[in-house]
Amino acid sequence: MPIDITIGLQWGDEGKGRIVDLLAARADVVARYNGGDNAGHTVTVGSHIFKLHLIPSGIIHPHTFCVMGSGMVVNPLVFLSETASLREAGVPISPARLAISHAAHLITPAHRLLDGAQETALGGGRIGTTGRGIGPAYTDKAARTGLRAGDLLHPLTFQQKLTAHLESVSQKLIVLYKQPGINIEQMAVDFSEKALQLAPYICDTGALLRQRLHNGQKVLVEGAQGTLLDLDHGTYPYVTSATTTAPGVLTGLGLGMQSKSRVIGVVKAFQSRVGEGPFITELHDELAARLRGTGENPWDEYGTTTGRPRRVGWLDCVLLHYAVAINGVSELVITKLDILSGLPVIRICAGYHYKGGDYNELPAGLSVEEMGEYQPLYQEMPGWQQDLTMVRRWEDLPIEAQAYILKIEAICGVPVRMISVGPEREQIIYRQ
Ligand code: IMP
């Protein structure tokens, strides 16, 4: 049985949570393979707004089994508070429908302290991280000193590893960052008391997924962050510390190369970014304020995790074309088309001017230094004035909105299958 993979094609915040929620209705298993609680997936069901950071948003459907794969970094404290609020909202949570990979790494409060100290030390050169300890936890993983979820199944050795980890971070805080050290005993007691509660959820999720696929079950993969935040293929160093692209799904879940997949690329109708780093089509005027929204609505452009206002700009189709290529995207989903209603003209970046030449693909790769020199080449398209939030059929979209979608399709060379025109489940246009 093939797997369906949803991937963000920009800098995160494309509205993947909402699309996963729709696709999960027809999936047996929903799995996350990367990142941690730096993600923010908002799903609106009637009057209830779910904001999930760590647990796959597919959990909201009562029939799904959810997996948190080996490529993830899991903060047990966030896991417990998220499961508590899901239960409060009437979503059943138990090991019968949620599993954590024994090979996923743990984020401790010490990782979060280190994340903050590192950012402070970087000053003007900071990454603008979410402060959730993501980078330090992946650093420990690569250094082979990390704490894994499977360690929780061996409480005695877990205590030893935890103490060694806290001592090491405390030293770094004091010596490298001139910050107060950690109260190691207290943090060890508080953290392990909570973390050990995760034990019933921990298993070999790779084996579990392979078995379920073998049994013909449908697996939906929920990507976190976006392609341009990928550690290898994003705007390094202004990236997250994980693989955010589709090829990482296999290692992040423990699946083999034979797992056939449909790669659903999710892209917002304009560009947004939270945190530092290059942004070629960024807008700073009242148009930016208009695209961002006031922050009163949960779908306005303010970080779900940190509340920071997002930087916004015109859709960059050069970057989108790149994202489609490196993910092997088979179809596109465009979100938030309704937000562009009312603009007299819409611009779309279809190329860059660089060192005297014009290019419709990245002329010198995705390096931060080169990107500083890329000038956007815009194509202008007429806007539309109609409110799109009630539109449910392609034929009912204004001709200008159809032209905008067709232009994106033509540049990327893949079909647009879904278009969202609002946060509710039914505010979606399906296209064959
Ligand atoms: P970190 O993942 O917290 O280390 O942050 C690294 C960069 O990725 C920062 O620019 C963050 O703003 C960005 N980032 C991380 N997760 C997300 C997300 O889910 N959406 C948007 N940006 C994110």
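Residues numbered from 1 in each chain as written. Predicted model: local features only at pLDDT ≥ 70, side-chain atom pairs only at ≥ 80, totals over all residues. Heavy atoms only, no water.

We now examine the overall build of the protein. In terms of regular secondary structure, the protein is built from 12 helices and 20 strands. Against the 2.2 N^0.38 benchmark of 22 Å for 432 residues, the protein shows a C-alpha radius of gyration of 22 Å, consistent with a compact globule. With the C-alpha coordinates of the protein rotated into their principal frame, the extents come out at 65 × 50 × 40 Å. Split into buried and exposed, the 432 residues of the protein put 57% on the buried side. Within the protein, contacts between residues at least 6 apart in sequence are counted, and of these 76% link residues at least 24 apart. Carbon and sulfur atoms make up 53% of the accessible area of the protein, which amounts to about 17300 Å² in all. (Helix = DSSP H or I, 4+ residues; strand = E, 2+ residues; numbered from the N terminus. Rg over C-alpha atoms; globule rule 2.2 N^0.38 Å. Buried < 20%, exposed > 50% of the residue type's maximum accessible area, 1.4 Å probe, protein only. Contact = heavy atoms within 4.5 Å. Areas by Shrake-Rupley, 256 points an atom, 1.4 Å probe, with all protein chains shown as cover.)

As for its placement among the helices and strands, Arg 311 is situated in strand E13 (residues 311-313). A relative accessible area of 19% places Arg 311 in the buried class. Setting aside its immediate chain neighbours within four residues, Arg 311 contacts Gln 271, Ser 272, Arg 273, Gly 275, Glu 276, Gly 277, Pro 278, Phe 279, Glu 282 and Arg 292.

This part is about the site of the ligand. Taken together, 17 residues sit near the ligand, with Asn 38, Thr 130, Thr 240, Val 274 and Arg 308 positioned nearest. Within the backbone of Val 274, an N or O atom sits 3.0 Å from an oxygen atom of the ligand. Interatomic distance of 3.1 Å between a side-chain N/O atom of Arg 308 and an oxygen atom of the ligand. When the ligand sits alone it has 470 Å² of accessible area, and the protein chains cover 97% of it. Per-class residue counts for the shell around the ligand are seven nonpolar, eight polar and two charged. (Near = heavy atom within 4 Å. Polar contact = N/O pair within 3.5 Å; in protein donor to acceptor, adjacent residues only side chain to side chain. Nonpolar A, V, L, I, M, F, W, Y, C, P; charged D, E, K, R; others polar.)

With that out of the way, let us pick up the domain arrangement of the protein. On domain assignment, one finds that the protein holds domain 1 (3-101 + 211-265), domain 2 (105-198) and domain 3 (267-430). A straight line from the C-alpha centre of domain 2 to that of domain 3 covers 37 Å. Each partner contributes to the interface: domain 2 provides six residues, whereas domain 3 provides five residues. Across the domain 2 to domain 3 interface the summed buried area is about 430 Å²; carbon plus sulfur atoms make up 45%. (Domains from an automatic or database assignment. Buried area = accessible area lost by both parts, 1.4 Å probe.)

This part covers the nonpolar core. Formed by 60 residues in total, the largest nonpolar core has its most connected members in Leu 332, Leu 337 and Tyr 404. Counting residues per element, this core draws most heavily on helix H12 (residues 399-412), at five residues. If you count residues domain by domain, this core takes at least three from each of domain 1 (3-101 + 211-265) and domain 3 (267-430). Excluding residues that lie within four positions of it along the chain, Tyr 404 makes contacts with Ala 269, Leu 315, Leu 337, Leu 340, Ile 346, Ile 348, Met 381 and Trp 384. Counting 53 residues, the second-largest nonpolar core is a separate cluster that includes Ile 93, Ala 149, Leu 152 and Ile 428. (Core = buried A, V, L, I, M, F, W, Y, C linked by side-chain atoms within 4.5 Å.)

Let's shift gears to the sheet that holds strand E20 (residues 428-430). What the 10 strands build is an open sheet, ordered E9-E7-E5-E2-E10-E1-E11-E15-E19-E20; its pairing is mixed. In this open sheet, the two strands that pair with only one neighbour each are strand E9 (202-203) and E20. In terms of strand pairing, strand E5 (residues 65-68) meets strand E7 (residues 98-101) through three bridges, oriented parallel. Note that in E7 the partner of Cys 66 across the bridge is Leu 98. Contacting strand E1 (3-8), strand E2 (29-32), E5, E7, E9 and strand E10 (219-222), helix H7 (residues 205-214) crosses the sheet at an angle of about 140 degrees to E5. (Pairing = 2+ DSSP bridges. Axes fitted to C-alpha atoms, helices over the stretch in contact; angles between N-to-C directions.)

What follows is about the environment of Ala 246. Summarising the element assignment, Ala 246 is placed in the loop between E10 and helix H8 (248-253). The exposure class of Ala 246 is buried, given its relative accessible area of 7%. Taking C-alpha positions, Ala 246 is 9.5 Å from Ile 264, a pair spaced 18 residues apart along the chain. Those residues in contact with Ala 246, other than ones at most four positions away along the chain, are Ile 5, Ile 7, Tyr 33, Val 263 and Asn 327.

Further remarks concern the pairing of strand E11 (residues 261-268). Counted residue by residue, E11 has six buried out of eight residues, so it is predominantly covered. In this sheet, E11 lies alongside E1 in parallel orientation, the contact comprising six bridges. For Gly 8, the partnering residue across the bridge sits in E11 and is Val 266. Looking at chain direction, E11 and strand E15 (residues 331-335) are connected through five bridges and run parallel. Within the sheet, the bridge partner assigned to Gly 265 lies in E15 and is Leu 332.

So, on to the pairing of strand E16 (residues 345-354). Extensive coverage of E16 is indicated by the burial of seven of its 10 residues. Pairing geometry for strand E14 (residues 315-316) and E16, over two bridges, is parallel. Looking at E16, one finds that Asp 316 is bridged to Cys 349. Across three bridges, E16 lies against strand E17 (residues 357-359) in antiparallel orientation. Across the sheet, residue Tyr 352 finds its bridge partner in E17, namely Tyr 359. Where E16 folds back onto E17 in an antiparallel hairpin, the turn is made up of two residues, including Lys 355, whose phi is positive at roughly 50 degrees.

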